[in-house]
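Reading the structure
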Amino acid sequence: MGYRDTFISVAEDCRAGTGEAPPARTRPTVAGVQHTMLTARPGHYTQEEVLLACSPQLRAREDVDELEQLPAEELQQLMAEHFAQPRACLRASPLAKTYGWGLHHDEHGRTTLHAVDSPEYARLSADASLTQLKAMRSRRAG
């Protein structure tokens, strides 16, 4: 499932002109969890780890702040259960659809965020050695 050597640029209908932090909410949102993980530890998490952390069963838990706190057996079980059904990838992330962030997946599948107006975003989006993908649109083309 994971991407390698891939850059996901913002969606065509993304209105953000820079990378914006999702608004803080009482309950963690998908965008909030993803942004927190990827800014706190750039290049550490894979797409699968980010998607698992955003799952309802983990977002609802108050005893886990990071995946590393889970016992390995529990983490493997949660991964197996979560990915037993098809799941949307990070192309559907609100970070790339709404908040102006591109996602770079390195050769090991580790993910970093890049603001749409940053020099690094421009460099990565022009890099022919990377698979170039667009985030999914929020609305249908019309």
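Rules and cut-offs
- Residues numbered from 1 in each chain as written.
- Predicted model: local features only at pLDDT ≥ 70, side-chain atom pairs only at ≥ 80, totals over all residues.
- Heavy atoms only, no water.
- Helix = DSSP H or I, 4+ residues; strand = E, 2+ residues; numbered from the N terminus.
- Contact = heavy atoms within 4.5 Å.
- Phe/Tyr/Trp six-rings, centres within 6.5 Å; stacked < 30°, edge-to-face > 60°.
- Buried < 20%, exposed > 50% of the residue type's maximum accessible area, 1.4 Å probe, protein only.
- Pairing = 2+ DSSP bridges.
- Axes fitted to C-alpha atoms, helices over the stretch in contact; angles between N-to-C directions.

**Some words on the side chain of threonine 111**
Within the element layout of this structure, threonine 111 appears in strand 3 (residues 111–115). Each residue touching threonine 111, except ones within four places of it in the same chain, is listed here: Leu38, Pro42, Gly43, His44, Tyr45, Thr46, Gln47, Leu90, Leu103, His104 and His105.

**Observations regarding the packing of aromatic side chains**
In total, this model carries one aromatic pair according to the counting rule given. Ring plane angle 75° and centroid distance 5.1 Å describe the contact between phenylalanine 7 and tyrosine 121, whose orientation is recorded as edge-to-face. Of the two residues, phenylalanine 7 is situated in strand 1 (residues 6–9) and tyrosine 121 in helix 6 (residues 119–125); the sequence distance between them amounts to 114 residues. For phenylalanine 7, a relative accessible area of 0% gives the class buried. Looking at tyrosine 121, the relative accessible area reads 8%, which means it is buried.

**Remarks on the sheet that holds strand 2 (residues 101–105)**
The strand order across the open sheet formed by four strands is 3-2-1-4, and the pairing between neighbours is mixed. Either end of the sheet is taken by a strand with one partner, and the two such strands are strand 3 and strand 4 (131–134). For this sheet, the mean inter-axis angle between neighbouring strands, taken without regard to orientation, is 20°. In the sheet, strand 1 pairs with strand 2 via three bridges, with the strands oriented antiparallel. Following the sheet pairing, isoleucine 8 is matched in strand 2 by leucine 103. Sheet strands in contact with helix 1 (residues 30–40) are strand 2 and strand 3, and its direction is about 100° off that of strand 3.

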